[in-house]
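If you want the building blocks of each chain, they are given just below.
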Amino acid sequence: MALFILGTAKSGKTTACYKQLQEELAKEAYHNLIMLVPEQFNLQVQVELAKLLKPGLLRTEVMSFRNLAKRVLKEVGGIKEPVIDDLERVMILKKLLEQHKSELVYYKTTYGSEGFVDGINRLITLFEQNEIDKPFLDALEQDEKSSAVFKSKLQDITAINEWFHTYIAERFVTVEKTMERLAGAVHKSDYLKDSIVWIDGFYGFTAVQMKIIEEMMHKVSQVIITLPIDRHYTMNEYIYPNNPFYDSIKNYQSLMARCEQGNIPYETMVMKADNKDKDALAYLSENYLKPYVKPFENEQDAIRIMSFPSKDEEVTQLACEIVRLIRDEDYRYHDIAVLVGDMGQYKSSLVSTFKEYDIPVFMDDKKSIHTNGLVAIIDAALEVITTGWTYKSIMSFLRFNRLDLTIDEIDTLENYLLEHGIQGKKKWDATWERESKSIPLEVIQAIKEKVQVPLLSLEEALKSAKDASGKIKIREASIAVYNFLESIHAYETTQQHIAYYKQVGELSLELENTQIWGQVVDTLERLVDLLGEESVSIKVFKNILKTSFGYIEIGIIPPSKDQVIVGNIDRSRIPQVKALFILGVNEGVIPKVDESMPLFSDMDKLTLMQLCEKADEKRSRLYDVVVHNPLYMGQFLVYYAFTRAREKLYVSTIQVDENGKALRPSIVFYKLRKLFGEIPFECDQLDALQAAKPALGYVGWQLRKYLDGQGEEGPGTYKTPCFLYGLYESAGISK
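Below is a summary of the structure that appears in this document.

Conventions we followed
Chains are numbered independently. Their residues run from 1 in the order of the written sequence. Only residues with pLDDT of 70 or above have their local features reported here, since the model is predicted, and side-chain atom pairs are shown and tallied only from 80 upward, although totals for entire chains, interfaces and linings are computed over all residues. In computing side-chain properties, one takes all heavy atoms of the structure into account and sets aside hydrogens as well as water. Here a cavity denotes grid points, spaced 1 Å and computed from the protein atoms alone, that fit a 1.4 Å probe unable to get out, and a pocket denotes an open set having protein on both sides within 12 Å along at least 5 of 7 lines; residues with an atom within 4 Å of a point are the lining. Grid points are joined across faces, edges and corners, and a volume is the space filled by probe spheres set on the points. In DSSP terms, a helix is any run of H or I states spanning at least four residues, a strand is any run of E spanning at least two, and both are numbered starting from the N terminus. A patch is a set of surface residues, each over 30% in relative accessible area and not in a salt bridge, joined within 9 Å for like charges and within 5 Å for the nonpolar side chains Val, Leu, Ile, Met, Phe, Trp and Tyr. Note on areas: Shrake-Rupley with a 1.4 Å probe; residue coverage comes only from the protein chains shown. Only one rule defines a salt bridge in this text: a Lys or Arg side-chain nitrogen within 4 Å of an Asp or Glu carboxyl oxygen. Paired strands, as defined in this entry, are two strands with at least two bridges between them according to DSSP. Fitted lines through C-alpha atoms give the axes, limited to the stretch in contact for helices. The angle between two N-to-C directions lies from 0 to 180 degrees. In this description, contact between two residues means that some pair of their heavy atoms is separated by no more than 4.5 Å. Throughout this description, buried means an accessible area under 20% of the type-specific maximum (1.4 Å probe, protein chains only), exposed means over 50%, and partly exposed covers the range between. Angular relationships are summarised with four words: roughly parallel below 35 degrees, roughly antiparallel beyond 145, roughly perpendicular across 65 to 115, and oblique for the angles in between. In the scheme used here, Gly and all other residues not listed as nonpolar or charged are polar, with Ala, Val, Leu, Ile, Met, Phe, Trp, Tyr, Cys and Pro taken as nonpolar and Asp, Glu, Lys and Arg as charged.

Attention now moves to empty space enclosed by the protein. Inspection of the entire model under this criterion finds four cavities of 30 Å³ or more. The space that makes up the largest cavity amounts to roughly 100 Å³. Elements with a minimum of two residues in the lining of the largest cavity: helix H10 (246-261) and helix H24 (617-642). No other element matches the five residues that H24 contributes to the lining of the largest cavity.

Structure representation (structure tokens):
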């Protein structure tokens, strides 16, 4: 038995699942109750259910498809090989690309570019998730509609895919392959027998997940699936590609077809939101995605829309409004969230402005570890050795300051190198006898020794481990790097950085550096486990290590519960909050086209569309995951973001960027303005006096206006110097 629960956001799909779960618990039966949710929602759903089902989850288990695979395969057997994750896949792919680079056709010169390995890994993962194999890719390549460039790209991609799967065969198994094994093991599981399974929180499913669901429909007593769809669609109804629920509808139709083919009874329930005409936020949720909608006619203050001259003005007004909500409407900081389209553009402004206004903030943004000093010093040391001790590589090595050197000593050494033209291994090995203009030679020699000794030790360790062909086993190279870190006391230096960041209150940097040593050691250990006996050149080892570190991202857990959350609109899955601010709603930023598949150009995607037009299900699915979803998913993510606001939604756009270039509002902004009108959110000018630094800036600005003859005199006016000084003094910053 299958039950499909359809509905737009806030229509009550998840609430219906929770209610059904409570009813099953009340029956006091003893079959398993399983809720499958996306990986990132596991903890959130567990917390919600624990509160709902006090005193705990009882017989209910919340898990992802991956955890279900572990549970079932542990019961029935089926995994003997180690399971590799994305980082380990990237390590293997980088090694294979370096090994087979001469066999590449189109990507021979670009395989080493930034993002290539990540892109090819994503593509191979998509192939595994959607059961795309070599015969299928060969058929695409040989199709007469394929262009010459597309054929050459596909030839390389097919070859890389084969190299990867040949290498891991009988050694390792990928997470995606465990999903295939789960599909084949469902019918053997006693754990799933007579269970009730809820599947909630998904926009769509991969081909392998669809197979798992189909097998569960035959095995368990009932499967309840929620999907974000606005209405019921028939099995053969045509779905326009620009339909915002396209992916969910296609999956719904496919699941209905599988039920028909397998003689599985099914029902569909369509949920509708209540009070859609009385509440502006509910009206937005119900009507935003419709092509033709009447403007909201009732008076409302839940949705505010504003255009600002610049990003700085936008962020300042945001801070003032947050201050007002906390002060006047009894909000807490954790009741507020901010979403942006480009975190890189807004991060520094938000952090500095919130710091001025004493607003605690958590940036929900994963950070790559390759910029951390500990990782950078490894790459820089290997760069010194592989480039022959050039001046540039030496200074890059010193710039991260992980040695026992002061800034003055580094400057002194740099001046000496420039003064005497010291560059290359030969000159570093020679005795330095020429005097410096102002620094004694003994001081220079001492600084040189501090730099040279650890680098020479690393170089000698790598050199002594080489075989007759000049290559080194990855195991030996990894050990040499670890010993190098020990020699420069990298762990102790990292602990000092942690203590410093803790002292100055930089919680995010403290947490980042708390994790970094473990991440580096773990990466070296994984390299040894995966590729330890492989022999490569030092340069190739350096490239593999650099690619591996570049792939790792550190996710910081919020150090405090009461903070404003700031995240990317296309990445953050924030829970519902009372007040949501969406900044920078400009053309090309919100919504944004997903460009995480850099291997295919727009012309390649057009070719793929022609190849998959009116084709079988497998080709259609390839088109959807490579072309359609990245193109149209942005609009759905914007809609999803709107539904995160429970009481207030603030949407703003900016008119010019930091360089003065004019910017256009996006279609999202125009659509909201058409529905609700442009209602600005402006703060009282005296809100700036809530904190010392904004008060200083505000008072200084008003005094400047007064001195320029733009002020207003008279008792009681806020622009007179005496009144401003009184405010300045009352803020406690008169000195």
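Continuing now.
Taken together, the side chains of Val105, Tyr106 and Val149 define a hydrophobic patch exposed on the protein surface, amounting to about 250 Å² of accessible area. In this fold, Val105 is placed in the loop between helix H4 (86-100) and helix H5 (116-129).

To continue, consider the sheet that holds strand E3 (residues 60-63). The strand order across the open sheet built from six strands is E3-E2-E6-E7-E1-E8, with neighbouring strands paired in parallel fashion. Only two strands of the sheet have a single neighbouring strand rather than two, namely E3 and strand E8 (266-270). Put simply, the sheet's adjacent strands are angled 15° from each other on average, direction ignored. Lying on the sheet, helix H2 (residues 42-52) is in contact with strand E2 (33-36) and E3; it crosses E3 at an angle near 160°.

With that out of the way, let us pick up unusual backbone geometry. The linkage connecting Ile590 with the following residue, Pro591, adopts the cis geometry, with an omega of -5°. Note that Pro591 resides in the loop between strand E17 (577-583) and helix H23 (602-612). For Glu131, which is not glycine, the phi dihedral falls at a positive 55°. Position of Glu131 among the secondary structure elements: in the loop between H5 and helix H6 (134-142). A positive phi angle, near 65°, is found at Asp194, a position not held by glycine. The exposure class of Asp194 is partly exposed, given its relative accessible area of 45%.

Let us look at the packing of H5 against helix H8 (residues 175-185). A pair of packed helices is characterised by two quantities: the angle between their axes and the separation of those axes. H8 packs onto H5 with a crossing angle of 5° between their chain directions and a minimal axis gap of 9 Å. Between H5 and H8, the angle is such that the two are roughly parallel. Contact residues: H5 offers Thr125, Glu128 and Gln129, while H8 offers Glu176, Lys177 and Glu180. Looking at the contact of H5 with H8 residue by residue, the classes come out as no nonpolar, two polar and four charged.

Taken in spatial order, the six strands of this open sheet run E9-E18-E17-E10-E16-E11, and their pairing is parallel. The open sheet is flanked by strand E9 (303-308) and strand E11 (361-364), the only strands paired with a single partner. Averaged over neighbouring strand pairs, the angle between their axes works out to 20° when direction is ignored. Pairing of E9 with strand E18 (residues 645-654) involves six bridges; the strand directions are parallel. Bridge assignment links Ser307 to a residue of E18, and that residue is Thr653. In this fold helix H11 (residues 280-287) packs onto E9 and E18, with an angle of close to 70° to the strand it touches most, E18. With respect to the sheet, H24 is in contact with strand E10 (336-340), E17 and E18, its orientation differing from that of E18 by roughly 130°.

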